[in-house]
There are 2 protein chains.
Amino acid sequence: MSRTLTRTPAADRFWMPAEFEPHAGCWLLWPERPDNWRDGALPAQRALTKVATAIARFEPVTVGASASHFQFARRQLPAAIRVVEMSHDDCWMRDVGPTFVVNAGGERRGVDWIFNAWGGLNGGLYFPWAADDAVAQKVLEIEADARYRAPLVNEGGAVHVDGQGTALVTEQCLLNPNRNPNMSRAAIETALEHYLGVSRVIWLGAGVFNDETDGHIDELACFVAPGVVALTWCDNRRDPQYAISRDAEVRLRDARDARGRTLAIIKLPQPGPLYSTAAEARGVLASEYAQPRPARTRLAGSYVNFYIANGGIVMPLLDPRTDRIAANHLKRAFPGRKVVGVPTREILLGGGNIHCITQQVPATGGKREQPKK
Amino acid sequence: MSRTLTRTPAADRFWMPAEFEPHAGCWLLWPERPDNWRDGALPAQRALTKVATAIARFEPVTVGASASHFQFARRQLPAAIRVVEMSHDDCWMRDVGPTFVVNAGGERRGVDWIFNAWGGLNGGLYFPWAADDAVAQKVLEIEADARYRAPLVNEGGAVHVDGQGTALVTEQCLLNPNRNPNMSRAAIETALEHYLGVSRVIWLGAGVFNDETDGHIDELACFVAPGVVALTWCDNRRDPQYAISRDAEVRLRDARDARGRTLAIIKLPQPGPLYSTAAEARGVLASEYAQPRPARTRLAGSYVNFYIANGGIVMPLLDPRTDRIAANHLKRAFPGRKVVGVPTREILLGGGNIHCITQQVPATGGKREQPKK
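Here the structure is a predicted model, which means the values were calculated and not measured.

> What is the right way to look at the packing of aromatic side chains in this model?
Both the distance between ring centres and the angle between the ring planes are used here to describe each pair of aromatic rings. According to the stated counting rule, one finds 14 aromatic pairs over all chains in the structure shown. Pairwise contacts between aromatic rings join Phe115(A), Trp118(A) and Tyr126(A) into one cluster. Against the face of Tyr126(A) rests Arg33(A), its NZ or CZ located 4.6 Å from the ring centre. Above the ring of Trp233(B), the side-chain terminus of Lys267(B) is found at 4.0 Å from the ring centroid.

In structure tokens:
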């Protein structure tokens with residue numbers, strides 16, 4: 001049931017809906033590798049279980065686990081969560097899963113980007129990544145959705161959309177020579193238009209400081225509604241995040257979305273700054289095949305890295321000094337949804353957060369309005 | 001979504017519907033092991049692809065393939081067939097998959113028997129079998145059906161039902177000391193009543209001659225309708241199958257089903273007798289972990305080993321001298337269905353046939369009539 005289609009979503013009048021539109025469910029992957037997750041990945045598995053359980057309050061959740069971890073994942077996760085066997089190289093479903101697209105008739109398909117572990121042999125984070133690259137197709141098989149294989153190295157966490165024709169990306173990631181070195185900015189914009197069904201790409205500059213994905217947008221900024229963007233913010237001029245957030249703010253103020261609107265900005269305070277501890281670093285078993293995780297590394301913690309579920313927001317709890325401020329911003333930004341916080345430092349230690357480990361599956365069946373060009 | 005339930009299907013008013021009742025779809029597994037399938041399993045893969053394609057004319061088909069074979073299976077199978085990653089030790093979905101049960105409200109659950117590769121270390125066919133034993137649970141996860149873990153070594157091919165309270169089994173298999181040595185015939189009958197929701201077990205004696213499963217019923221006899229049984233038949237007194245079929249006939253004539261009916265018998269001629277050739281045997285790479293496949297082995301070919309799909313019968317073509325006779329019997333037995341023949345000698349060489357490699361998923365949603373006790 002996974003036909004691989006040869007045209008593009010835009011040519012077929014499909015587009016990526018916003019995360020705040022209705023979902024059929026959510027996919028995650030089980031963290032397993034001991035060279036990225038401390039203590040045999042058990043603390044990360046517990047944190048991911050809490051995230052998955054929180055999301056399952058709002059919508060159906062499926063977790064993919066490798067054959068060797070299947071039984072353990074099944075036992076640790078609540079019965080209401082579906083567990084399926086799925087090989088992977090790590091658990092970043094946002095980046096290795098499909099980016100779903102829909103059409104006006106309520107049909108759903110998936111875009112399967114080429115995945116190279118955030119930079120391949122030129123700054124990528126582990127080797128090999130062949131199992132990861134097959135995840136999107138395997139998800140689409142189980143969902144029985146047709147597949148577009150996009151001729152572009154990209155990750156789901158590198159793009160956000162408003163569902164009305166606008167994409168939000170960073171230059172640091174999308175223009176990085178370790179992704180698509182032979183494509184110009186214009187060529188990449190065209191590819192995004194074809195595969196996300198957007199007509200306007202808003203370019204921010206750098207991503208969150210020390211974000212090892214080369215600056216994914218989903219750490220820095222996201223749409224909370226059409227015309228409204230949440231942005232990681234920092235008021236300390238001596239912090240390297242300060243200039244990054246200021247630059248993003250200027251670009252957002254100057255931008256117009258696909259419908260010509262200006263953008264309102266919600267500033268979410270940066271937690272910390274947060275650093276890995278010696279105790280945390282000791283639990284990671286270094287290997288030749290993954291980057292090291294030394295102590296005292298600045299962690300790219302960000303409250304922007306939350307998940308929007310049906311009727312809920314599942315957000316990371318990272319720092320008691322800022323958690324409540326961020327939660328209150330999100331409550332105001334999403335008045336119809338219940339904001340649930342989950343402690344996710346263990347996920348952050350591995351290089352990401354709640355948005356990075358999730359991938360929403362848009363609902364099918366209802367009519368949708370196609371974005372105008 | 002795979003709750004493991006602690007009661008039994010019968011206690012919850014669930015029962016196994018007959019194969020000729022409506023299906024939601026069909027599952028198969030991809031043949032891979034070179035110590036059971038000749039020529040790297042490619043001929044078996046081609047035969048299974050033909051079987052899956054034939055079934056897909058009638059109902060949705062899913063094929064499970066190991067991680068290392070996923071891409072090859074995906075490329076060989078038609079796009080309309082869903083392929084999912086699923087570890088297994090061989091491809092006998094009938095025996096390792098769940099036995100589905102339904103209730104009067106149209107709900108569906110699955111029975112996950114203990115699997116020991118048809119006899120464990122006492123006559124079983126390969127070692128290990130841990131991946132096989134996990135298949136039923138993995139199918140139930142993807143189908144999002146609740147699971148009963150039956151405390152009984154059993155295989156789906158060892159039981160047939162009429163969906164109206166009657167089970168059909170063989171003593172050779174169900175009473176074999178390599179399955180449940182500490183259970184009496186009465187205890188096994190009780191277990192079948194609890195897990196299949198039947199009230200009458202009809203015992204035949206031996207299975208088809210040289211059937212390596214220890215005489216599965218699905219090689220010897222099956223219900224084609226309530227009160228009607230198809231039986232493998234042999235008219236040659238010097239053939240070891242002769243006495244087996246005669247004994248089965250006598251037992252079937254004496255039997256009454258759960259509703260007190262006598263049984264009509266449709267005799268399907270035995271093909272051949274068929275033997276493996278030297279060329280076929282040469283292609284199998286012997287290993288310590290699977291039984292050998294020598295040349296000149298009598299093959300347990302049987303036309304009873306067909307699959308009933310929605311509106312169709314997919315039957316094995318095994319011998320040009322008998323194929324048409326068997327097909328005509330099946331056309332008369334299933335007047336509303338299209339009979340499709342598929343050449344499956346390559347499946348037979350590995351130890352089974354179309355029924356052995358398939359597992360139907362009953363349809364949900366409609367009301368069903370619970371068998372009376």
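That shown, we press on.
> Explain the interface of chain A and chain B to me, please; I cannot follow it from the model alone.
Much of the literature gives interface size as the accessible area that the parts lose upon coming together. Listed per partner, the contact involves 21 residues of chain A and 21 residues of chain B. In this assembly, chain A packs against chain B so that about 1800 Å² is buried in total across both faces, 50% of it on carbon and sulfur atoms. Applying the counting rule to chain A against chain B returns 12 residue pairs in polar contact (both at pLDDT 80 or more). For the side of chain A that touches chain B, the elements supplying multiple residues, two or more each, are helix H2 (70–76), strand E5 (82–85) and helix H4 (130–143) of chain A. Across the side of chain A that touches chain B, the residue classes tally to 11 nonpolar, 4 polar and 6 charged.

> Please clarify how unusual backbone geometry should be interpreted in this entry.
With an omega of 15°, the peptide bond between Gly272(A) and Pro273(A) qualifies as cis. In this chain, Phe127(B) is followed by Pro128(B) through a cis amide linkage whose omega measures -5°. The topology assignment puts Pro128(B) in the loop between strand E7 (108–114) and helix H4 (130–143). Its identity is not glycine, yet Asn210(A) carries a phi of approximately 65°, on the positive side.

> Just checking my understanding: could you explain the pairing of strand E10 (residues 166–170) of chain B for this structure?
Taken residue by residue, a regular strand's side chains alternate between the two faces of the sheet. Residues and elements named next belong to chain B. Summarising burial for E10: 5 of the 5 residues are buried, a large majority. Residues of E10 alternate between two faces, with Thr166, Leu168 and Thr170 on one and Ala167 and Val169 on the opposite face, all of them buried. Here strand E9 (residues 160–161) pairs with E10 via 2 bridges, running antiparallel. If you follow His160 over to E10, its bridge partner there is Leu168. Hairpin connection of E9 to E10: 4 residues between the antiparallel strands, including Gly163 at a positive phi of 75°. Where E10 lies against strand E11 (residues 200–204), 5 bridges are found, and the strand directions are parallel. Bridging from a neighbouring strand, Ala167 pairs with Val201 of E11.

> Help me understand helix H10 (residues 323–333) of chain B in this model?
Given 3.6 residues per turn, any residue in an α-helix points the same way as the ones three and four places further on. Residue and element names in this part refer to chain B. Where H10 is concerned, the buried positions are Asp323, Ala326, Ala327, Leu330 and Ala333. Seen end-on, H10 carries its buried residues on one side only, within an arc spanning 125°. Pointing more than 90 degrees away from the buried face of H10 are the exposed residues Arg324 and Arg332. Looking at the packing, one finds that the buried side of H10 touches strand E12 (221–225), strand E14 (264–269), strand E18 (312–317) and strand E19 (338–343).

> Whenever I open this one, helix H8 (residues 240–254) of chain B confuses me. Can you help?
Residue and element names in this part refer to chain B. Taking 1.5 Å of rise per residue, 15 residues should cover 21 Å, and H8 covers 23 Å from first to last C-alpha, within 8% of that figure. Those residues of H8 that fall on the buried side of the exposure criterion are Gln241, Tyr242, Ile244, Ser245, Ala248, Glu249 and Leu252. Of the surrounding elements, those touching the buried residues of H8 are E10, E11, helix H7 (217–220), strand E13 (228–233), E14 and strand E16 (298–299). With a side-chain oxygen positioned 2.7 Å from the backbone nitrogen of Gln241, the residue opening H8 is Asp239.

> How should I be thinking about the sheet that holds strand E10 (residues 166–170) of chain A in this particular structure?
Across a sheet, paired strands are connected by hydrogen bonds in the backbone, their directions being either parallel or antiparallel. Residues and elements named next belong to chain A. The sheet built from 3 strands is open, its strands ordered E9-E10-E11 with mixed pairing. Across the chains shown, the open sheet's two edge strands, defined by having one partner strand only, are strand E9 (160–161) and strand E11 (200–204). Contacts between helix H6 (residues 185–196) and the sheet are confined to E9, E10 and E11, with E11 contributing the most and set at about 130° to the helix.

> Where do I start with the pattern of salt bridges in this structure?
Side chains bearing opposite charge may pair, as long as their charged atoms lie close to each other. By the definition in use, this model includes 52 salt bridges over all chains. Taking the shortest distance from any N to any O, the salt bridge between Arg185(A) and Glu171(A) comes out at 2.7 Å. Linking Arg185(A) in helix H6 with Glu171(A) in helix H5 (residues 171–174), this pair joins segments that are 14 residues apart in sequence. According to the relative accessible area criterion, Arg185(A) is partly exposed, its value standing at 36%. The shortest N-O distance in the salt bridge between Arg33(B) and Asp35(B) comes to 2.6 Å.

> Whenever I open this one, the sheet that holds strand E17 (residues 307–309) of chain A confuses me. Can you help?
Residues and elements named next belong to chain A. The sheet built from 3 strands is open, its strands ordered E17-E18-E19 with mixed pairing. Looking at the sheet topology across the chains shown, the edges are occupied by E17 and strand E19 (338–343). Each strand of the sheet is rotated relative to its neighbour by a mean of 25°, with strand direction disregarded. Those strands touched by helix H1 (residues 42–56) are E17, strand E18 (312–317) and E19, and its axis lies near 170° from that of E19. Contacting E18 and E19, helix H10 (residues 323–333) runs over the sheet at an angle of about 165° to E18.

> What am I meant to see in the side chain of Glu59(A) here?
All names here are of chain A. Tracing the backbone through its elements, the reader meets Glu59 in the loop between H1 and strand E4 (61–65). The side chain of Glu59 sits in the buried core without any salt bridge; Arg337 is the nearest counter-charge, 6.8 Å away. At 3.0 Å, the side chain of Glu59 and the side chain of His23 are in polar contact. Here Tyr307 takes part through its side chain, which lies 2.5 Å from a polar atom of the side chain of Glu59.

> Explanation requested: the relation of the copies chain A and chain B in the structure shown.
Relating one copy of the chain to the other takes a rotation about an axis and a shift parallel to that axis. Note on the identical chains: chain A maps onto chain B by a rotation of 180° and an axial translation of 0.0 Å, with an RMSD of 0.0 Å. Taken together, the rotation angle and the small translation identify this as a two-fold axis. Of the C-alpha atoms belonging to chain A, the one lying closest to the rotation axis is found on Glu85(A), 3.2 Å away.

Here is what the cut-offs are and how they apply
Residues numbered from 1 in each chain as written. Chains lettered and ligands numbered in written order. Predicted model: local features only at pLDDT ≥ 70, side-chain atom pairs only at ≥ 80, totals over all residues. Heavy atoms only, no water. Phe/Tyr/Trp six-rings, centres within 6.5 Å; stacked < 30°, edge-to-face > 60°. Lys NZ or Arg CZ within 6 Å of the ring centre and 35° of its normal. Contact = heavy atoms within 4.5 Å. Buried area = accessible area lost by both parts, 1.4 Å probe. Polar contact = N/O pair within 3.5 Å; in protein donor to acceptor, adjacent residues only side chain to side chain. Helix = DSSP H or I, 4+ residues; strand = E, 2+ residues; numbered from the N terminus. Nonpolar A, V, L, I, M, F, W, Y, C, P; charged D, E, K, R; others polar. Buried < 20%, exposed > 50% of the residue type's maximum accessible area, 1.4 Å probe, protein only. Pairing = 2+ DSSP bridges. Arc of directions from axis to C-beta. Expected span 1.5 Å × (residues − 1). Axes fitted to C-alpha atoms, helices over the stretch in contact; angles between N-to-C directions. Salt bridge = Lys/Arg side-chain N within 4 Å of Asp/Glu carboxyl O. Lys, Arg positive; Asp, Glu negative; His and termini not counted. Least-squares fit on C-alpha atoms with pLDDT ≥ 70 in both.

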